[in-house]
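Structural characterization, general
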Amino acid sequence: MTGPSLKAPVVLAAAMAVPLTLAGGPAPAQDFVPETLSVKPTIDPGPNVFVNQQQWIGAGSIAIFDQATLKLKALLPTGAMGQMLVSADGKTAWAQSSFLKRTTYGPNEMVLTRFDVETAAIGPEVILPPKAAMALGYTPLLRHSADGRFVLVQNATPASSVTVVDVTAQTVVQEIPTPGCWGIYPAAEGARFSTICGDGTFASYTLSADGTGAEKATSAAVFDPETDPIFIEDERVGDALLFLTYSGKLIRLSDTGAAVEKLSETDLVAGIEGGWAPGGYELIAANAAKNVLFVGMHPESFDGSHKKGMEEIWAIDLATGTVAARSKVEHLSSITVTPAAAPVLFGTTEEGKLIRYDIDAGMALTKSAETGLAGFAMSLWVTE
Amino acid sequence: MDILAKITDLMDRATEAGVRGVAHKTGRRSFLARMGGGLVGAALMPVLPYDRTFGTAFAATGEDEYACDYWRYCALDGNLCNSCGGTLTECPPGSETSKVSWVGTCRNPSDGKDYLVSYNDCCGRTACDNSPFCNQNVGERPGYRMGLHNDINWCMANTSQGYHCTVAVLVGIAE
């Protein structure tokens, strides 16, 4: 059969002939060295920003940008409705995502995919029980234990549970029921994690050495889900886990023991006019070196405004619980900050931008670069 | 424990034994386990006697059902099915209704009453980006109050899980 298969080489030859003519230009033909086609073996060096470019209509991606220039270094391919996880050293990334047999219908194969960041290589992958949460990108929905042994996947059927994946063995070792609870908050050491429960408590699970068992401990109520619920995005500064309530209270928790304990509660908007409240998706970012927490805020808040784009970012001095600086921003949805002593903040917008902000000594922000994004870019991650 | 929390707890308890049962069958894709959880939720959510309003609705007070500020969309996050071949209460032809849903409490400006609105996703077709994309969140809560959460695909308990669009069905009046 003749047709496309025979035409293709002709087209290719024609395409290759054009550069020969143009690139040759006035130079003698014998000086021309044909270029060779290859794949770039590694991404460009230097610190990265990872953005989960989630798609619900089909394949999404994890985009890797250069921190200094925001130049795109590589895309790591995911399925639909993916969650992103990056190792603390920035060398490994994972995605949990859905691969529907016919893209919009048919059996859904849910996969935990590992990526080598330097080469952007895929694999190995682990097939998950088909229960993983198909949610907007939130960092607490895909985490790894502090000892690096286990990846933890938030499930919703809509009953809540957590799938435990042994990273070394590349197998699912356990599924832990977490009824009425949501989000995964690994302890700073070992293989324990906590989760927020709908009655205002936290439940904590300490995994056995092989990951197949878990001991549960429940905290006292640490927030009031009726009057002032907490956002699920967290930050860790030292031994403390930081959460925000819808109204703007900063809650510090300790997860060093078997059960979570409340350390303090600070009203960040007390005495500040304008009805300001926190809002966004990944709406807080901490820099431990400066002991500062950046919080996305909007004015004239009301019931239902908690996902509103950020109009300002407030820098909270964690030593005093007071506002050190307020900076206007471009309706950001999500933010992250580098851990360096001279930190840089990155934010995404619902309109599809990644924006870099420099931070001065007083913790005020100045926009220094921007680039375009694809998909629902609600979660981002940054390493040194 | 409020009514919604009790129902969520019941939903979770009903599936907990099943979850434990599959804990060591890790490579096997268990549609039955997922469907079991979904059907429990499906049986409970539409008759939810939910009576909390989380304050007054501010943004959604309009009366044009093709606009995002239509009053019954006060907690709708997604594409409008009535702009995709369906209606306020009907999924577009060929799609499936979600077996589970989230619930909002919205004030009808014409009679001043608060109605319980079941936001069912319609499933198994391409995301209908032809429609307005709405993102209203009155009373919306994170996943630890799953029945009030709208940042998740409520086609999760269906056999066809592609998100298409969302309807807004009145299922009761808040006390």
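As a starting point, this report considers the structure included with it. (Residues numbered from 1 in each chain as written. Chains lettered and ligands numbered in written order. Predicted model: local features only at pLDDT ≥ 70, side-chain atom pairs only at ≥ 80, totals over all residues. Heavy atoms only, no water.)

1. Quick notes on the overall build of chain B
Put simply, the rule reads: Strands are runs of DSSP state E lasting at least 2 residues, helices are runs of H or I lasting at least 4, and numbering of each runs from the N terminus. We call two residues contacting when some pair of their heavy atoms lies within 4.5 Å. Here the open area of atoms and residues is found with the Shrake-Rupley method and a 1.4 Å probe, where only the protein chains shown may cover a residue.
The number of helices and strands found in chain B is two helices and six strands. Counting from the amino terminus, chain B carries its helices and strands in the arrangement α-α-β-β-β-β-β-β. Put simply, of all contacts in chain B between residues at least 6 apart along the chain, 74% involve residues at least 24 apart. For chain B, the exposed area adds up to about 6800 Å²; of that, 53% sits on carbon and sulfur atoms.

2. Concerning the sheet that holds strand β16 (residues 235-237) of chain A
All names here are of chain A. Rules: Only strands that DSSP links by at least two bridges are regarded as paired with each other. Axis definition: a line fit to C-alpha positions, over the contact stretch in the case of helices; interaxial angles, taken between N-to-C directions, run 0 to 180 degrees.
The four strands are arranged β16-β17-β18-β19 in an open sheet whose pairing can be described as antiparallel. On the outer flanks of this sheet lie β16 and β19 (261-267), each paired with one strand and no other. In this sheet, neighbouring strand axes are inclined to one another by 25° on average, regardless of whether the strands run parallel or antiparallel. Both β16 and strand β17 (residues 240-244) contribute to a ladder of three bridges, which runs antiparallel. When the sheet's bridge partners are listed, Arg236 is paired in β17 with Leu241.

3. Some thoughts on empty space enclosed by the protein
Stated formally: Put simply, the grid is 1 Å and covers the protein atoms alone, a cavity is a trapped set of points that fit a 1.4 Å probe, a pocket is an open set with protein on both sides within 12 Å along at least five of seven lines, and lining residues have an atom within 4 Å of a point. Grid points are joined across faces, edges and corners, and a volume is the space filled by probe spheres set on the points. Each residue gets one of three labels, nonpolar for Ala, Val, Leu, Ile, Met, Phe, Trp, Tyr, Cys and Pro, charged for Asp, Glu, Lys and Arg, and polar for the others, Gly among them.
Counted by the stated rule, this structure contains 10 cavities of 30 Å³ or more. For the largest cavity, the lining is made up of 15 residues, of which A:Tyr138, A:Phe231, A:Ile232, A:Tyr246 and B:Pro142 are closest to its centre. When grouped by side-chain class, the residues that make up the lining of the largest cavity number seven nonpolar, four polar and four charged.

4. Notes on the sheet that holds strand β4 (residues 80-86) of chain A
All names here are of chain A. Pairing in this open sheet of four strands is antiparallel, and the strands run β4-β5-β6-β7 from one edge to the other. Of all strands in the sheet, those bounded by a partner on one side alone are β4 and β7 (121-127). Taken over all neighbouring pairs, the strand axes of this sheet differ in orientation by 25° on average, direction set aside. The pairing of strand β5 (residues 92-100) with strand β6 (residues 108-116) spans nine bridges and is antiparallel. The residue bridging Gln96 from the neighbouring strand is Leu112, located in β6.

Bear in mind that shape data such as this cannot, by itself, settle questions of function.
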